[in-house]
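# Coordinates in review
The chain contents come next:
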Amino acid sequence: MTHAIDIRGLHYRAGRSFEIPSLDLRVPTGAIYGFLGPNGSGKTTTIRLVLGLLRPRAGDIRVLDRPMPRQAADVLARVGYVPEQPHLDPTLTVREAMRFQAAFYPTWDHAWAEELLVAFELDERRLFGKLSKGQKGKLMMLLALAQRPELLVLDEPTDGLDPVVRRDMLAALIDYVSEGGATVFISSHLVHELERMCDWIGVMDQGRLVTELPMERFKNGIKRLVVSGAPPAVAAPFSLLSRERNGAATETWLVRGWEPEMHAFFDSVGASLQRVIDLDLEDGFVELLRTFRTLPPRPEEVR
Amino acid sequence: MFDHIDPRSPTPLYAQLASRLRLAVAAGELRPGEALPSVRRLAAQLRVNPATVVQAYRDLEHEGFLEMRQGAGTFVRDVPTGRRTSERIRQATVLVRQLIADAGRLGVSLDELHSAILEEMGAKAS
Amino acid sequence: MFRVVLYAQWKWSRLVVTLGTIAAFILPALSVQGASRDVGSPLKAGELLSLVQSWGVLYPVLAAALGLLVAIATWAPDHRGRHVHALSLPLPRWRYVLLRFGAGVVLLAAPAVALLAGAVLATHLAAIPPGLEGYPVALTIRFALAVLVAYAVFFAISAGTTRTAGAILTVIGGLILVQVLASAADVHLDLLTPVQSILLNWPGPLAIFTGRWMLIDV
Amino acid sequence: MSRRALNLFFMAALVLPRALVGQHADLVRTRADSLLREWQQASVLAAVQDSLRHAADIAGRDTVRAGALTILVNPSPLPIAPAAAKAWSEIEQFFGPAAQWLARQPLVIQALDPDTTVPANPGDALQIYWDLNQRELTRVLLGFADLSGADPAVRDWLGGPVLPGLDSDQRRAQVYVALVTAPSQAVRRCFADDRAACRDALSLGPTTSDLLTRWYGPDERRDLATLRYAGFLDKGVRAREFRSCAAGSDSACLDLLESLPPGSLERPLDYAARFSLLETAVALGGTRTFERLFATAPGPMGARLAAAAQVSEDSLLARWRSDVVTARPKPVPIPPWAIWVALGWTVAFMTCGLGSSRWRVS
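Residues numbered from 1 in each chain as written. Chains lettered and ligands numbered in written order. Predicted model: local features only at pLDDT ≥ 70, side-chain atom pairs only at ≥ 80, totals over all residues. Heavy atoms only, no water.

## A look at helix H12 (residues 239-247) of chain D
Residue and element names in this part refer to chain D.
- Taken together, the buried positions of H12 are Ala239, Phe242 and Cys245. Buried positions in H12, seen along its axis, are confined to an arc of 120° and lie on one side of it. Exposed and oriented more than 90 degrees from the buried face of H12 are Arg240, Arg243 and Ala247.
- In this structure, the buried residues of H12 make contact with helix H10 (218-228), helix H11 (230-233) and helix H13 (250-259).
- Within two residues after H12, Gly248 carries a phi angle of roughly 125°, on the positive side. (Buried < 20%, exposed > 50% of the residue type's maximum accessible area, 1.4 Å probe, protein only. Helix = DSSP H or I, 4+ residues; strand = E, 2+ residues; numbered from the N terminus. Arc of directions from axis to C-beta. Contact = heavy atoms within 4.5 Å.)

As structure tokens, this is what we get:
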């Protein structure tokens, strides 16, 4: 199974408000796939479609090599899900919530669940409703991990949590992934966290997938060039996202698909490349979105 | 040892990790034969992708600093002292090259740079 | 799996079920008070029948209340979490609904059994004049069916999203509105009685509730 | 002004002065005399008016005969002929030859258009809308086939009209309930198969002085006196006796009840019970029962009915009691198939719960 999640030509619409016209998204097995996108870009909807909570109008979704939502029941047994809003029943205590969840997942690992309970310092007798936001997050992660899933779908699991809680949760996640080779599909706004962990990045905006690249190619692919003496129109080997003049002498170009050997191009057009500025994931993401919204969408050269 | 791993820097994490390890071995922080943390534990500790740690360990194994014994873990190899000094010199040249590039950007001439270095070293020596 | 669903449901509705069970046990005894053997002059048949009948009206009320409250307790957490948790569980939706329903029915068995015990005890203790007889089992069967039907009705309504519940209420509201308008414009149009007769007479759903609930009868 | 209204006026005029009995007795007497003269004159006028209306009713109607049943009805879409025939067959089957008496009592029907007319002054004619179907019309006709005139004694014993027996099973079930619940020791003993008690309860024997004590036990008598007839008894000279009866003295209660005007004390069983006995007599005696009954000499009804049914009074009562006991109404009114209907609805509503939000995470 090459891809844990394989979405082809997905079309979904909820009333008039929001629509995913057509989405192609593929998460390689064993990868830690970061799913970036501004609020309201359809991340949570996509995740719910992947989990079979929502039914698409058209398109083909295969999760763990099974069609969804037709075989949702079997697939969900092997998927750990941490939703954006904790959805457990507030009147159950932590222990009861664990016992409840354990009954539904054949691969539940009781020993490890207890380990995580201690690691996360959760009081098993407290009601779920009375837990703090961080504790709830940790419990949701515990429940998702303890079932030893093949695929973890995490919808902004650590957003709004304090660094200590985040550290514990992500450490447990990485620990599990590195042990079993599970696939992680994680959406988050904490870009630098994704930067550390993810080896794949998918960016979504306004219901469309902007790009989907390995982390290295995504980060190295986007550069800011300080150029002087360049002619107005230029046909470059890379895709020029934007050109801004700063001061008389130099311009700043934002480019994508940059390769080091492209220095020669500037000599050929009689311009001089002064500096190549690297962007971190956050800048790259922001710039990408900014330009993506201005440029008309055109088929991306993917992978 | 791995405290200032910076995911935002352009150099990939595995490279940063590898250079930290190389430095540690060179500087003698990691003595020969010492065991390194397992991939799983280091990845969890640093919250980085396990593949990053594996790649760093493999690069260093390739360069002869470490050896990965199947099932037993990863250990520091006995690196001849000459190798360690040449590594240190290499690190120094990298630092200097970075220094010169920055100075150029700031418009500081080489002589000024040279005299500043001597002065700093002089203060250190006395 | 059923055990945990049952436990969770018990935790939500244990107050309602315990109160219901106690009420179901003492109701028969209440309905024959004053007719017990040791009281001086035992009640005459006529008085006993009217006493039993007046208390009898509480059985359908208890049944409906139990059905309603347990059904609400069943779906409340799901509604609060907007069904995401339920849908993310690895079992088909119909099995989940079946588990929920089954758990509710098991919980509602308690009041029914309590009623049987109470009724048998009451008919045993009461001095029943000749010609009258106690019907504890028949009454319990009827009560159990009433609780089941009530539970099922409210289960269906509260299982639906607020939209479906809204739809049902608008239909009912519409009917009443049309009826009021019709009678205001004195158009001879009677909607409510046919609807009522469909619902309340056999084989309508609510027919089990109508009629006399007699622990002791001719 | 119809005769009834006239009577009321006269009664009021008489009763009112009695309240002033303490003052000017002679004034009251002259007043009463003048009223008497006025009343005689008015009643002559009323009689004349009635005969006039009666004549008007007859004119313009056609007569329909079925056996002894003669019906005068104005032309209308009412299915009068078939209904009358059906009614007559039932009447004859129940009353036998005695039904011929009905010929003397023609029934005048004023058929009305249900959409337009509102029944105006009732007069003597039976006013019915002509949208009745044949079955309903037959029941109406049967409702008026009253043979009380043939033997007033039977009517008095029954305490209601002598009509052909309809829905006898339903009536017997009603009688069973009465037998079990009536607050009277005679009825309870009759239920426990004591023939003599049944005779008393159905007031078949002569009204002897101790009948009251046989009908009702001591506490039942007290309830009757202090609750049922309190309105009549707790007044004037008997108030003291009423209080002692309420306090529990049985003899006081007995005197009170005996002081009630004859026939006003309610009998332990009702019209339905006595009529079911009549039906049993017909069942035993066959179609000529009523003929023989009307022919028997006046006396206690028990003997007359037994003679009419040509059986001993004892076996008549035994048969009547067993008929009533077997007609015991079903206890809890849910038929067995109702259980499956209820379960069916339960499953139906449960499956409704399915479609809730399978695909719409609200």
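So much for the structure itself; the text now carries on.
## Remarks on the environment of Arg224 of chain A
All names here are of chain A.
- Note on placement: Arg224 falls in strand S11 (residues 222-228).
- C-alpha separation for the pair Arg224 and Ala102, spaced 122 residues apart in sequence, amounts to 51 Å.
- Leaving out residues up to four positions away in the same chain, Arg224 has contacts with Thr252, Trp253, Arg275, Val276, Ile277, Leu279 and Glu287.
- There is a polar contact of 3.2 Å between the side chain of Arg224 and the side chain of Glu287. (Polar contact = N/O pair within 3.5 Å; in protein donor to acceptor, adjacent residues only side chain to side chain.)

## Comments concerning the pattern of salt bridges
- Within this structure, the stated rule accounts for 41 salt bridges over all chains.
- Arg245 of chain A serves as the salt-bridge partner of Glu251 of chain A, at 3.4 Å between the closest nitrogen and oxygen.
- Put simply, Glu313 of chain D and Arg199 of chain D hold a salt bridge, and the shortest N to O gap is 2.4 Å. Of this pair, Glu313 of chain D sits in helix H17 (residues 313-326) while Arg199 of chain D sits in helix H8 (residues 195-201); the two residues are 114 residues apart in sequence, bridging distant segments of the chain.
- Connected via shared salt-bridge partners are Asp109, Arg148, Asp175 and Glu179 of chain A together with Arg40 of chain B. (Salt bridge = Lys/Arg side-chain N within 4 Å of Asp/Glu carboxyl O.)

## Considerations on the interface of chain C and chain D
- Listed as interface residues are 40 residues of chain C and, on the opposing side, 33 residues of chain D.
- Carbon and sulfur atoms make up 75% of the area that chain C and chain D hide from each other, which totals about 3,300 Å².
- Viewed at the interface, chain D and chain C are joined by one salt bridge.
- Taken together, the connections running from chain C to chain D amount to two residue pairs in polar contact (both at pLDDT 80 or more).
- Elements supplying a minimum of two residues to the side of chain C that touches chain D: helix H2 (45-56), helix H4 (84-88), helix H5 (93-125) and helix H6 (136-159) of chain C.
- Of all the elements, H6 of chain C adds the most residues to the side of chain C that touches chain D, at 11 residues.
- By residue class, the composition of the side of chain C that touches chain D is 26 nonpolar, six polar and eight charged. (Buried area = accessible area lost by both parts, 1.4 Å probe. Nonpolar A, V, L, I, M, F, W, Y, C, P; charged D, E, K, R; others polar.)

## Considerations on helix H5 (residues 133-146) of chain A
All names here are of chain A.
- Over its 14 residues, H5 extends 20 Å from the first C-alpha to the last, a length consistent with the 20 Å expected when each residue adds 1.5 Å.
- Burial of H5 is extensive: 11 of the 14 residues sit out of reach of the surface.
- Looking at the buried residues of H5, the elements they touch are strand S6 (79-82), helix H3 (94-104), helix H4 (110-119), strand S7 (151-155) and helix H6 (163-180). (Expected span 1.5 Å × (residues − 1).)

## Looking at the packing of aromatic side chains
- Taken as a whole and assessed by the stated rule, the structure comprises 25 aromatic pairs over all chains.
- With a centroid separation of 5.2 Å and an interplanar angle of 75°, the aromatic rings of Phe265 of chain A and Phe266 of chain A are classed as edge-to-face.
- A residue is classified by how much of its surface remains accessible, and Phe265 of chain A, at 12% relative accessible area, is buried.
- Between Phe290 of chain D and Phe294 of chain D the ring centres are 5.7 Å apart and the planes differ by 55°, which places this aromatic pair in the tilted class. On the criterion of helical spacing, the pair formed by Phe290 of chain D and Phe294 of chain D is a turn pair, its members being four residues apart in helix H15 (residues 289-295).
- Relative accessible area serves as the criterion here: at 1%, Phe290 of chain D is assigned to the buried category.
- A relative accessible area of 22% means that Phe294 of chain D is categorised as partly exposed.
- Taken together, the ring pairs connect Phe94, Phe95, Tyr271, Phe275, Phe290 and Phe294 of chain D into an aromatic cluster.
- Over the aromatic face of Phe128 of chain A sits the side chain of Lys136 of chain A, whose NZ or CZ is 5.6 Å from the ring centroid.
- When the ring centre of Trp213 of chain C is taken as origin, the NZ or CZ atom of Arg142 of chain C, which lies over that ring, is 4.3 Å away. (Phe/Tyr/Trp six-rings, centres within 6.5 Å; stacked < 30°, edge-to-face > 60°. Lys NZ or Arg CZ within 6 Å of the ring centre and 35° of its normal.)

## Description of the sheet that holds strand S2 (residues 69-73) of chain D
All names here are of chain D.
- The strand order across the open sheet formed by four strands is S1-S2-S3-S4, and the pairing between neighbours is mixed. Looking at strand neighbours, the two that pair on one side only are strand S1 (62-66) and strand S4 (126-129), the edges of this open sheet. Strand-to-strand twist in this sheet, taken as the mean axis angle between neighbours without regard to direction, amounts to 30°.
- Across five bridges, S1 lies against S2 in antiparallel orientation. When the bridges of S2 are listed, Ala66 appears paired with Leu69. (Pairing = 2+ DSSP bridges. Axes fitted to C-alpha atoms, helices over the stretch in contact; angles between N-to-C directions.)

## Here we look at the state of the cysteines
All names here are of chain D.
- Per the stated rule, a full pass over the model turns up two disulfides over all chains.
- In this model, Cys190 is linked to Cys198 through a disulfide, with the two sulfur atoms separated by 2.0 Å. The sign of the 90° torsion about the S-S bond sets the Cys190-Cys198 disulfide as right-handed.
- The buried category is assigned to Cys190, whose relative accessible area is 0%.
- Put simply, Cys245 and Cys253 are joined by a disulfide, and their sulfur atoms are 1.9 Å apart. Handedness here is read from the sign of the S-S torsion; for Cys245 and Cys253, about 95°, the answer is right-handed.
- With relative accessibility at 0%, the residue Cys245 sits in the buried group. (Disulfide = S-S within 2.5 Å.)

## Some thoughts on the side chain of Thr181 of chain D
- Structurally, Thr181 of chain D is set in helix H6 (residues 168-181).
- A polar contact is formed between the side chain of Thr181 of chain D and the backbone oxygen of Val177 of chain D, at a distance of 2.7 Å.
- Contact partners of Thr181 of chain D, with chain neighbours within four places excluded, come to Ala45, Gly46 and Leu49 of chain C.

## What about the packing of helix H1 (residues 13-27) of chain B against helix H3 (residues 50-62) of chain B?
Residues and elements named next belong to chain B.
- Contact geometry of H1 with H3 gives a least axis separation of 8 Å together with a crossing angle of 45°. Comparing their axes, H3 and H1 come out oblique. Note on packing geometry: the crossing formed by H1 with H3 is right-handed. Counting all contacts with H1, which are made through Leu13, Tyr14, Leu17, Ala18, Leu21 and Arg22, the residues of H3 involved are Thr52, Val53, Gln55, Ala56, Tyr57, Asp59 and Leu60. (Parallel < 35°, antiparallel > 145°, perpendicular 65-115°, else oblique. Left-handed = near helix turned anticlockwise from the far one by under 90°.)

## Re the domain arrangement of chain D
Residues and elements named next belong to chain D.
- If you check the domain split of chain D, you get domain 1 (62-145) and domain 2 (155-326).
- The C-alpha centroid of domain 2 is placed 33 Å from the C-alpha centroid of domain 1.
- Each partner contributes residues to the interface: domain 1 has 13 residues there, and domain 2 has 14 residues.
- Taken together, the two surfaces of domain 1 and domain 2 that pack against each other cover about 1,100 Å², and 72% of this comes from carbon and sulfur.
- Ranking the residues of domain 1 by area buried against domain 2 places Phe94, Phe95 and Pro97 at the top, with a combined share of 51%.
- For the pair domain 1 and domain 2, the interface holds one salt bridge. (Domains from an automatic or database assignment.)

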